[in-house]
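# Residue-level structure breakdown
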Amino acid sequence: MSVLQGGLKLTALHIDKHTVRGNDSLLQCKYDLQDETLYSVTTMNVCITGVGGLKLTALHIDKHTVRGNDSLLQCKYDLQDETLYSVKWYKDGHEFYRFVPRDFPIVQVFPVPGVYVNLEHSNESQVLLTALDLDSSGRYRCEVSAEAPSFQTVSDHADMVTVALPSRGPVITGGRPRYNIGDTVNVNCTSGSSKPAAHLAWFINGDQVNSSYLRGPVRAPEGDEGLETTTLGLQFQVDARHFHKGDMKLKCLATIATVYWNSNEESVEGEKPYKPPVMEVKDTSRADRVQASTTVHSAAARSQHTLLLLVPALLCSFILLR
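Residues take numbers from 1 onward in each chain, read along the sequence in its written order. Since the coordinates come from a predicted model, pLDDT governs what is reported: local features require at least 70, and pairs of side-chain atoms require 80 or more to be given and counted, while whole-chain, interface and lining totals use all residues. Just so you know, side-chain values use all the structure's heavy atoms and leave hydrogens and water out.

### Describing the pattern of salt bridges
Any Lys or Arg side-chain nitrogen located within 4 Å of an Asp or Glu carboxyl oxygen qualifies as a salt bridge. Per the stated rule, a full pass over the model turns up nine salt bridges. With its nearest N and O atoms 3.2 Å apart, the salt bridge here joins Arg67 to Glu225. In this pair, Arg67 sits in the loop between strand 4 (64-66) and strand 5 (71-78) while Glu225 sits in the loop between strand 17 (214-222) and strand 18 (227-237), placing the two residues 158 residues apart along the sequence. Buried residues are those whose accessible area, probed at 1.4 Å on protein chains only, stays under 20% of the maximum for their type, while exposed residues exceed 50% and partly exposed ones sit between those limits. A relative accessible area of 33% means that Arg67 is categorised as partly exposed. Under the DSSP-based scheme used, a helix requires at least four consecutive residues in state H or I and a strand at least two consecutive residues in state E, with every element numbered from the N terminus.

### Points about the sheet that holds strand 17
Strands pair, by our definition, only if DSSP identifies at least two bridges between them. Spatially, four strands are ordered 13-14-18-17 in an open sheet, and the strand pairing comes out antiparallel. Only two strands of the sheet have a single neighbouring strand rather than two, namely strand 13 (171-173) and strand 17. For this sheet the average axis-to-axis angle between neighbouring strands, irrespective of direction, equals 20°. Taken together, the seven bridges between strand 17 and strand 18 define a ladder with antiparallel strand orientation. Considered in strand 18, the bridge of Arg219 is made with Thr230. For helices, the axis comes from a line fit to the C-alpha atoms of the stretch in contact; other axes are also lines fit to C-alpha atoms, and the angle between any two N-to-C directions lies between 0 and 180 degrees.

### Digging into the pairing of strand 7 (residues 94-99)
As judged from the five bridges shared by strand 6 (residues 84-91) and strand 7, these two strands associate in the antiparallel manner. Each residue of the ladder has a partner; that of Lys91, found in strand 7, is His94. Linkage of strand 6 to strand 7, two consecutive antiparallel strands, is achieved through a turn of two residues, within which Asp92 is found at a positive phi near 50°. As paired strands, strand 7 and strand 8 (residues 107-109) are joined by three bridges and run antiparallel to one another. In the sheet register, Arg98 faces strand 8, and the bridge partner there is Gln108.

### Some thoughts on the packing of aromatic side chains
Between rings of Phe, Tyr and Trp, where Trp is taken as its six-membered ring, a pair exists when centres lie within 6.5 Å; planes separated by under 30 degrees are stacked, by over 60 edge-to-face, and by other angles tilted. Here the structure, examined in full by the defined rule, presents three aromatic pairs. Where Tyr85 meets Phe151, the ring centres are 6.3 Å apart and the plane angle is 80°; that geometry is what we call edge-to-face. Residue Tyr85 is found in strand 6, and its partner Phe151 is found in the loop between strand 11 (138-146) and strand 12 (153-163); the two are separated by 66 residues along the sequence. Residues Tyr213 and Phe236 carry aromatic rings whose centres are separated by 5.1 Å and whose planes lie at 25° to one another, so their mutual orientation is stacked. Separated by 23 residues along the polypeptide, Tyr213 in the loop between strand 16 (207-208) and strand 17 and Phe236 in strand 18 bring together distant segments of the chain. On the accessibility criterion, Phe236 (6% relative accessible area) is buried. Any Lys NZ or Arg CZ that is within 6 Å of a ring centre and within 35 degrees of that ring's normal is treated as a charge sitting over the ring. Here the basic side chain of Arg141 rests over the ring of Tyr90, its NZ or CZ set 4.4 Å away from the ring centre.

Next comes the structure, spelled out in structure tokens:
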């Protein structure tokens with residue numbers, strides 16, 4: 001819908017996208033005069049004057065930004081044979097930037113809390129905000145106006161949230177180094193202070209847990225800047241499916257929109273199964289049996305040889321005694 005300054009509103013335009021040669025086509029241009037005087041339409045259903053003029057083609061405003069960083073606001077438009085009169089930027093209804101080509105100076109900046117404009121990188125289609133702080137959050141609107149005689153004006157807006165990031169990652173407390181099947185896990189994860197508060201999620205062995213395992217979240221204020229911490233509990237009874245190769249990994253992930261991700265993980269051992277001692281039975285090989293047989297025969301042969309040597313000696317002793 002196009003809106004003309006002074007009240008006139010174009011409410012609907014109907015033009016057939018495809019027509020057939022030889023047929024008729026009805027062009028409809030509906031509008032609301034709002035106390036204005038009709039000038040350029042001959043009938044109520046046929047729009048004779050072209051519907052052209054200024055169009056806002058794109059508005060880019062970061063949905064989330066980080067405190068201390070910069071952010072580029074962009075407002076793109078198509079003049080369509082119109083002459084640019086002004087581009088104005090507003091935060092929460094308060095004008096902070098004005099670009100008027102016929103004025104001197106062309107650019108004017110007005111003080112608004114949380115808005116710090118870098119003039120070197122700002123022009124008729126963009127504004128660079130620097131040193132963002134928590135007051136930079138709000139609704140930003142771009143308004144573009146054409147010169148006389150139309151003074152047509154178009155505008156659009158979007159919201160931006162400036163995030164104060166946590167100074168540390170999430171902390172896990174209450175855990176034990178070992179759990180057995182049947183034990184109860186009861187641990188907490190607490191994020192660092194931030195604005196807005198961080199969103200927490202628990203994972204077991206890489207899989208996000210369902211809500212029945214969770215206790216909370218609980219948010220608590222911290223400091224005088226409106227920062228908050230978040231605590232999310234994890235409680236469940238251990239069974240065999242919670243272990244992977246004898247270990248259980250508990251991970252807590254903290255996120256804030258698309259600008260912050262941080263996690264902490266603890267690995268705990270499961271119950272170690274009892275392994276009874278195993279008696280080693282050594283099989284005697286054929287080579288061992290051959291070696292043992294050879295040893296026995298050798299010992300017997302040595303005994304026989306010794307006996308043969310003793311017989312003559314005994315005989316000699318017997319003769320001498322006689």
